[in-house]
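Topology and contacts: notes
These are the residues of each chain, in order.
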Amino acid sequence: MRTLIKNIKGLYQVEDNKKMAVCGSAMAELPCIENAYIIVENGLIKDFGKMCDLKDTNADKVYNAHNRYVLPTFCDSHTHLVYAGSREIEYIDKIKGLSYEQIAQRGGGIVNSAIRLQQTDEQKLYEDAMQRIDSMIKHGTGAIEIKSGYGFTTEAELKMLRVIRKIKENSPATIKANFLGAHGVPMEYRGRQSEFVDLVINEMIPRVADEGLADFIDVFCDRGFFTVEETDRMLFEGVKHGLKPKIHANELAKSGGIQVGVKYNALSVDHIEHTGEEEMEVLKASQTMPTILPGAAFFLNMPYAPARAMMEYGLPVAMASDFNPGSSPSGNMQLILTFACVNYKLTPQEAINATTINSAYAMDVVDSCGSICRGKKANFYITKEIPTIEYIPYYYGENKVDKVFLNGVEQ
Ligand code: NIG
Ligand code: FE
């Protein structure tokens, strides 16, 4: 099967040789070919270039992208999109002045989602998640990392991860599974948190690994959640079982989460609102991707992570949706572009780098996703007729994506 997309006004994020990530000032550049074509064969990007160089126009399917742009699909490297029910009541509590931590302390928040998840069967969780993913794909997302973490018991965590496995098998999107056993402390373990950590280490991690249910391990390492020492113990065990760390860090305080993540060579440290010089220095000497979640900071009205300072320090920055029912109930990555530009003062080009190639790295799919490169998956979208690519973050709240191709197939 050969597909040709021709007369593309601008083909963005092209590369001849695969990059791992884009750092610092290089994030301002978004390589582009004007008046371009792209050829897909057997689900992969076969070739691309300028229209005047197009020789072989034979194809089973031809699309005319006149006045439209083509970009690689977003890689959403941090989501909690398998969940039961919704939490709009807490949203009202927040409007009335309660903080995220106060809601968590009185049994709301993650604990609330865990109770609902335990009562919901696999099929329902799967169907709801697939519907959310369908909408994300229509908005231009092609790769998604999904976390467990609303289980709180071994059985419920395994149930969540089995749902994620089923999504992996059936969704056209590229899916990665992240075991987040230490997302919160169940009510019955309050006051004896270390016993819950023991449960994660001695029971959950070995079972998750035995069943091959996860690619990554995550811990919510922050004030009021899990300490650096607890995180260290869990990551040690996870790595021993072949899981790559990716952690929640420094959302609520300078928790030491970034340092412990780097110690275990985490793929990414995420949230990182509370990041200073010390943390940036540690990141600079590491392979760990600093990942900002603009949707959560917006929705919880929190301080913004110092994205510009990190880039000036020469660091790469990735951004993801954090799609979850509590702190970021949206998986729309076009909105993340807008937040990146308005709240973090990234240019649209920097924001696109943060949500494609850099976020691909953060979820370990940069070899196959995140750019327009020969041999990578044919995962890209054709925009609607829009004047410029800057228009994508600018005209917020509307879907600027017309057609999405995943593995070369129109969705
Ligand atoms: O990434 N910070 C911790 N976990 C999620 C929130 C999950 C929830 O509130 O349900 C996050 O924001
Ligand atoms: Fe999260």
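One can find the structure itself at the top, above this paragraph.
Please read these numbers as outputs of a predicted model, since none were measured by experiment.

What counts as what
- Just so you know, the residues in each chain are numbered from 1, in the order the chain's sequence is written.
- The naming scheme follows written order: chains are lettered A onward, ligands numbered 1 onward.
- Predicted model: local features are reported for residues with pLDDT of at least 70 only, side-chain atom pairs are reported and counted for 80 or more only, and whole-chain, interface and lining totals are derived from all residues.
- Calculated side-chain values reflect all of the structure's heavy atoms, with hydrogen atoms and water omitted.
- The term salt bridge refers to a pairing of a side-chain nitrogen on Lys or Arg with a carboxyl oxygen on Asp or Glu at a separation within 4 Å.
- Numbering of helices and strands runs from the N terminus; a helix is a DSSP stretch of H or I covering at least four residues, while a strand is a stretch of E covering at least two.
- A 1.4 Å probe rolled over the protein chains alone gives each residue an accessible area, and that area as a share of the maximum for its type sets the label: buried under 20%, exposed over 50%, partly exposed in between.
- Here the coordinating atoms are restricted to nitrogen, oxygen and sulfur within 2.8 Å of the metal centre, or 3.2 Å for Na, K and Ca, and because water is not among them the sites may look incomplete.
- Ring geometry is summarised as follows: Phe, Tyr and Trp rings, the Trp one being its six-membered ring, pair when their centres sit within 6.5 Å, and such pairs are stacked at plane angles under 30 degrees, edge-to-face over 60 and tilted between the two.
- Definition used in this section: a nonpolar core is a set of buried Ala, Val, Leu, Ile, Met, Phe, Trp, Tyr and Cys residues joined via side-chain atoms within 4.5 Å.
- Residue contacts are defined here by distance: any two heavy atoms, one from each residue, within 4.5 Å place the two residues in contact.
- An expected span of 1.5 Å times one less than the residue number is assigned to each helix.
- Counting rule for disulfides: a pair of cysteine sulfur atoms within 2.5 Å.
- Nearness is defined per residue: one heavy atom within 4 Å of the molecule or strand is enough.
- Any N or O atom pair separated by 3.5 Å or less is treated as a polar contact, with the protein-specific requirement of one donor-capable and one acceptor-capable atom, and with residues adjacent in sequence counted only for side-chain atom pairs.
- Method for areas: the Shrake-Rupley scheme with a 1.4 Å probe, in which residue coverage is limited to the protein chains shown.
- By the convention adopted, Pro, Cys, Tyr, Trp, Phe, Met, Ile, Leu, Val and Ala count as nonpolar, Lys, Arg, Asp and Glu as charged, and the other residues, Gly among them, as polar.

In this section: the pattern of salt bridges. Summed over all chains, the structure comprises 26 salt bridges. Residue Glu41 is joined to Arg2 by a salt bridge in which the shortest nitrogen-to-oxygen separation is 2.8 Å. Of the two residues, Glu41 sits in strand β2 (residues 32-41) while Arg2 sits in strand β1 (residues 2-12), which places them 39 residues apart along the sequence. By relative accessible area, which is 24% here, Glu41 ends up partly exposed. One salt bridge connects Lys19 with Glu15, and the closest N-O pair in it is separated by 3.2 Å.

Summarising the metal site, the iron ion (ligand 2) is bound by the protein donors His78 (NE2), His80 (NE2), His248 (NE2) and Asp322 (OD), whose distances to it range over 2.0 to 2.6 Å. Site description for the iron ion (ligand 2): donor spacing in sequence, H-x1-H-x167-H-x73-D. Residue His78 is found in the loop between β6 (74-76) and α1 (88-95), and its partner Asp322 is found in the loop between β13 (318-319) and α12 (333-344); the two are separated by 244 residues along the sequence. With respect to burial, His78 and Asp322 carry one shared label: buried.

For the rest of this paragraph, the subject is the packing of aromatic side chains. On inspection of all chains with the given rule, the structure shows 14 aromatic pairs. Aromatic pair Phe74 and Tyr381: ring centres 5.7 Å apart, planes at 35°, arrangement tilted. Remark: Tyr381 occurs in strand β14 (residues 380-383) and Phe74 occurs in strand β6; sequence separation between them is 307 residues. Like Phe74, the residue Tyr381 is buried in the burial classification.

If you look at the biggest cluster of nonpolar residues, it comprises 113 residues, and the most contacted ones within it are Val82 and Met319. Looking at which element gives the most residues to this core, the answer is helix α6 (residues 193-210), with eight residues. Excluding anything up to four places from it in sequence, Val82 contacts Leu117, Leu125, Ala129, Arg132, Ile146, Tyr150, Met160, Val163, Ile164 and Ile167. In terms of nonpolar packing, the next biggest core, distinct from the first, is built from 18 residues, Tyr63, Ala65, Ile382 and Phe405 among them.

Phi angles above zero are rare outside glycine, and Asn7 is one such case at about 55°. Within the secondary structure, Asn7 is located in strand β1. Positioned with a positive phi, His271 is a non-glycine residue whose angle comes to about 90°. You can see His271 is positioned in strand β11 (residues 268-271). For His271, a relative accessible area of 2% corresponds to the buried category.

The terminal C-alpha atoms of helix α7 (residues 228-240), which comprises 13 residues, lie 18 Å apart, in line with the 18 Å expected from a rise of 1.5 Å per residue. Considering only its buried residues, α7 is in contact with β8 (174-182), α6, β9 (216-221), β10 (244-249) and α8 (257-263).

Below, the discussion takes up the state of the cysteines. The term disulfide refers to a covalent linkage connecting the sulfur atoms of a pair of cysteines. Overall, the coordinates contain zero disulfides when judged by the stated rule. Its sulfur unpaired, Cys341 is 17 Å from the next cysteine sulfur, which belongs to Cys32. Assessed through its relative accessible area of 17%, Cys341 is described here as buried. Looking at the unpaired Cys369, the closest cysteine sulfur is the one in Cys75, lying at 5.1 Å.

Taken together, 15 residues lie near ligand 1, and Tyr100, Tyr150, His183, Asp322 and Ser327 sit nearest. At 3.3 Å, a side-chain N or O of His80 approaches an oxygen atom of ligand 1. Taking His248, its side chain carries an N or O atom lying 3.0 Å from an oxygen atom of ligand 1. Protein burial of ligand 1: of its 330 Å² of free accessible surface, 100% is covered by the chains. Partitioned by chemical class, the residues of the shell around ligand 1 number four nonpolar, eight polar and three charged.

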